[in-house]
Amino acid sequence: MKFGYRDVCLAHETGPRHPESPDRLRAIRESLKDRHGVEYVAADDATRDQVEAIHAPDYVAEFEQFCADGGGSWDADTAAVEATWDAALASAGLSVWAAETALDGADGRATPFALGRPPGHHAVGDDAMGFCFFNNAAVAAQAVIDGGEADAVAILDWDVHHGNGTQDVFYDRGDVLYASIHEDGLYPGTGGVEETGEGEGAGTTINLPFPPGTSHTAYATAVDEIVAPTVRDFDPDLLVVSAGFDAHEHDPISRMRVSTEGYGRMTAAVRDLAEDTDAALAFVLEGGYGLDTLSESVKMVHEVFDGYVPVTDGDPVRESARDVIDAVAAQGFGSK
């Protein structure tokens, strides 16, 4: 794969014991160092116009000044230092690069994956939250729409936390489909089945809030039965995966049971979906806080594109997860 990466993203220091640390990127890079076909690209920063296409100019200016003044705690979870401004622009730029590179035809072993931090999917239009300052996936989607490179974009968010920011930005838009598979009851407490979009965006938001303990089998089933058929009907030019790996069974801050092989199964499913719909495919890093599980899961994504076939086991879909899938299907999503 082609991995977008900038050293400046390591300069975003969040403080001791904070789970979203620079060591996340260091661990990923270490796990990929001996892998076949790994290529790194140092993409440009996102422009201010690209960022302000998603975020209110007053908020962008406030965040810039906050960093210039030395940073600190934006809220109880979200910290910044002076270098966070540069890291955030770089992280958003890596995501724009991934989207544009995919639309330029990069696929297969050259599929782009933006390895940026801070992550983005919690950032709303006028505020930072949940470790996120700029909504990287949203900035990327809007940049290619504004640039005339795509008319429609689908975003699949498999981070364990609901991407409230991405949903909020596009909730009344008909040109961006947002689908989230997340743990019910976890931060930020949004992402109910009934949240399906409004206005021109009615029917373009899908939420699958699975109960704690849900395994990779239910995730794969949700992709196969709900996400894939809906994306096919939507027919996007670009599919962006907001790739958080904190639903891993050994991640320290969640209670889900997605295995490393399970992430491989989902990767293969979205690869096949992109091929079926003739959509470009790009990955954008979100969460994942166990250094070993994060790095092994990103390596798994790469290995799938390098020819590895993930193991399929017979773990059944629990009744509680099946109920969520059925409830989403009842909203009109999935196979007709």
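Since this is a predicted model, take the numbers as computed values, not measurements.

Conventions used here
- Residues numbered from 1 in each chain as written.
- Predicted model: local features only at pLDDT ≥ 70, side-chain atom pairs only at ≥ 80, totals over all residues.
- Heavy atoms only, no water.
- Helix = DSSP H or I, 4+ residues; strand = E, 2+ residues; numbered from the N terminus.
- Rg over C-alpha atoms; globule rule 2.2 N^0.38 Å.
- Buried < 20%, exposed > 50% of the residue type's maximum accessible area, 1.4 Å probe, protein only.
- Areas by Shrake-Rupley, 256 points an atom, 1.4 Å probe, with all protein chains shown as cover.
- Lys, Arg positive; Asp, Glu negative; His and termini not counted.
- Charge placed at Lys NZ, Arg CZ, Asp CG, Glu CD.
- 1 Å grid on protein atoms, 1.4 Å probe; cavity = no way out; pocket = protein on both sides within 12 Å on 5 of 7 lines; lining within 4 Å.
- Points joined across faces, edges and corners; volume = space filled by probe spheres on them.
- Nonpolar A, V, L, I, M, F, W, Y, C, P; charged D, E, K, R; others polar.
- Salt bridge = Lys/Arg side-chain N within 4 Å of Asp/Glu carboxyl O.

Participant: Quick question: what am I supposed to make of the overall build of the chain here?
Facilitator: What the chain contains, in helices and strands, is 10 helices and 10 strands. A compact globule built from 336 residues should have a C-alpha radius of gyration of about 20 Å, and the chain, at 18 Å, falls within 12% of that. When burial is assessed residue by residue, the chain has 61% of its 336 residues classed as buried. Summing over all exposed atoms, the chain offers an accessible surface of approximately 12,300 Å²; the carbon and sulfur share of this is 45%. Each charge class in the chain was averaged separately, 21 positive and 61 negative side chains, and the resulting centres sit 8 Å apart.

Participant: I'm lost on unusual backbone geometry in this one. Help?
Facilitator: What you tend to see is this: most non-glycine residues have negative phi, and most peptide bonds are trans. Between Arg117 and the following residue, Pro118, the backbone shows a cis peptide bond with an omega angle of 10°. Within the fold, Pro118 resides in the loop between strand E5 (112-114) and helix H5 (136-146). For the bond running from Tyr187 to Pro188, omega is 5°, close enough to zero to count as cis. With respect to the element layout, Pro188 can be found in the loop between strand E7 (176-183) and strand E8 (205-210). At Arg17, a position not held by glycine, the phi torsion is positive, near 70°. At Asp278, a position not held by glycine, the phi torsion is positive, near 55°. With respect to the helices and strands, Asp278 occurs in the loop between helix H8 (260-277) and strand E10 (280-285). On the basis of relative accessible area, Asp278 is assigned to the exposed category, the value being 69%.

Participant: Explain the layout of surface pockets to me, please; I cannot follow it from the model alone.
Facilitator: With a probe scaled to a water molecule rolled over the atoms, the places where space remains empty come into view. Its volume calculated, the largest pocket comes out at about 240 Å³. What lines the largest pocket is a set of 15 residues, and nearest its centre among them are Asp107, Ala274, Glu275, Ala279 and Ala280. Of all elements in the fold, only helix H4 (84-103), H8 and E10 reach the threshold of two or more residues within the lining of the largest pocket. The element contributing the most residues to the lining of the largest pocket is H8, with 3 residues. Split by residue class, the lining of the largest pocket holds 8 nonpolar, 3 polar and 4 charged.

Participant: Which parts of the structure should I look at to understand the pattern of salt bridges?
Facilitator: One pass over the full model with this rule turns up 16 salt bridges. Across the pair Lys299 and Glu296 runs a salt bridge, and its minimum N-O distance is 3.2 Å. Taken together, the positions of Lys299 and Glu296, both in helix H9 (residues 291-305) and 3 residues apart, correspond to about one turn of that helix. A relative accessible area of 17% places Lys299 in the buried class. For Glu296, a relative accessible area of 35% puts it in the partly exposed group. Close ionic contact of Asp326 with Arg322 constitutes a salt bridge, the shortest N to O distance being 3.2 Å. Placement of the pair is Asp326 and Arg322 together in helix H10 (residues 319-330), with a separation of 4 residues, close to one helical turn. One network of salt bridges, with partners in common, ties together Glu20, Arg24 and Arg117.

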